Amino acid sequence: MAESPLKIVEGSALTAQQKKDLLNRLARIEGQLRGVQKLIALAAQPSDVDAVAQQMAAARKALDRSFVQLLAGAIQTQSGNAADLDEARARAAHLAAMLDKFA
């Protein structure tokens with residue numbers, strides 16, 4: 001049974017297009033991870049571990065890129081939608097702290 005697509009809600013965190021782009025990127029990463037699971041299940045030779053490691057590294061890098069895309073989009077959207085310069089600075093500072101905490 002196929003999952004129904006997620007409903008994208010309107011808000012001030014990210015634009016609908018930013019959300020769509022992130023969801024598409026995460027769907028591709030999900031496919032990569034399914035492939036990694038299959039590689040692990042089928043691993044029989046020592047060289048198979050190399051292939052698993054390479055695919056895991058690629059998935060990790062793709063997830064890191066999506067994290068950067070999330071924060072970059074949030075900075076653009078939230079700072080751009082701020083009521084004034086102080087609010088824009090506060091939003092940017094909050095997102096910079098998230099980058100420092102999670103990156």
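Check the entry above for the structure.
Quick summary incoming for the structure in this document. (Residues numbered from 1 in each chain as written. Predicted model: local features only at pLDDT ≥ 70, side-chain atom pairs only at ≥ 80, totals over all residues. Heavy atoms only, no water.)

1. With respect to the overall build of the protein chain
Phase 1: Of the regular secondary structure elements, the protein chain holds three helices and zero strands.
Phase 2: Here the C-alpha atoms of the protein chain give a radius of gyration of 18 Å, more than 25% beyond the 13 Å that 2.2 N^0.38 yields for 103 residues.
Phase 3: With the C-alpha coordinates of the protein chain rotated into their principal frame, the extents come out at 60 × 35 × 15 Å.
Phase 4: Look at the contacts in the protein chain between residues 6 or more apart in sequence, and 62% of them connect residues 24 or more apart.
Phase 5: Accessible surface for the protein chain amounts to roughly 7800 Å². Of this, 59% is attributable to carbon and sulfur atoms.
Phase 6: Charge centroids of the protein chain, computed over 13 positive and 11 negative side chains, lie 4 Å from each other. (Helix = DSSP H or I, 4+ residues; strand = E, 2+ residues; numbered from the N terminus. Rg over C-alpha atoms; globule rule 2.2 N^0.38 Å. Contact = heavy atoms within 4.5 Å. Areas by Shrake-Rupley, 256 points an atom, 1.4 Å probe, with all protein chains shown as cover. Lys, Arg positive; Asp, Glu negative; His and termini not counted. Charge placed at Lys NZ, Arg CZ, Asp CG, Glu CD.)

2. Considering the side chain of Q78
Phase 1: Mapped onto the secondary structure, Q78 falls in helix α2 (residues 46-80).
Phase 2: For Q78, a relative accessible area of 13% translates into the label buried.
Phase 3: Of the polar contacts made by the side chain of Q78, one reaches the backbone oxygen of A13; its length is 3.4 Å.
Phase 4: Separated by 2.5 Å, the side chains of Q78 and R91 make a polar contact.
Phase 5: If sequence neighbours within four positions are ignored, Q78 has contacts with S12, A13, R91 and L95. (Buried < 20%, exposed > 50% of the residue type's maximum accessible area, 1.4 Å probe, protein only. Polar contact = N/O pair within 3.5 Å; in protein donor to acceptor, adjacent residues only side chain to side chain.)

3. With respect to the environment of D100
Phase 1: In this structure, D100 sits in helix α3 (residues 85-102).
Phase 2: Taking the C-alpha atoms as reference points, D100 and L71, 29 residues apart in sequence, are found 11 Å from one another.

4. Observations regarding the pattern of salt bridges
Phase 1: This structure, assessed with the given rule, holds one salt bridge.
Phase 2: When the shortest N-O distance is used, the salt bridge between R34 and E30 registers 3.4 Å. Residue R34 and its partner E30 are both found in helix α1 (residues 16-42); the two are separated by four residues, about one turn of the helix. (Salt bridge = Lys/Arg side-chain N within 4 Å of Asp/Glu carboxyl O.)

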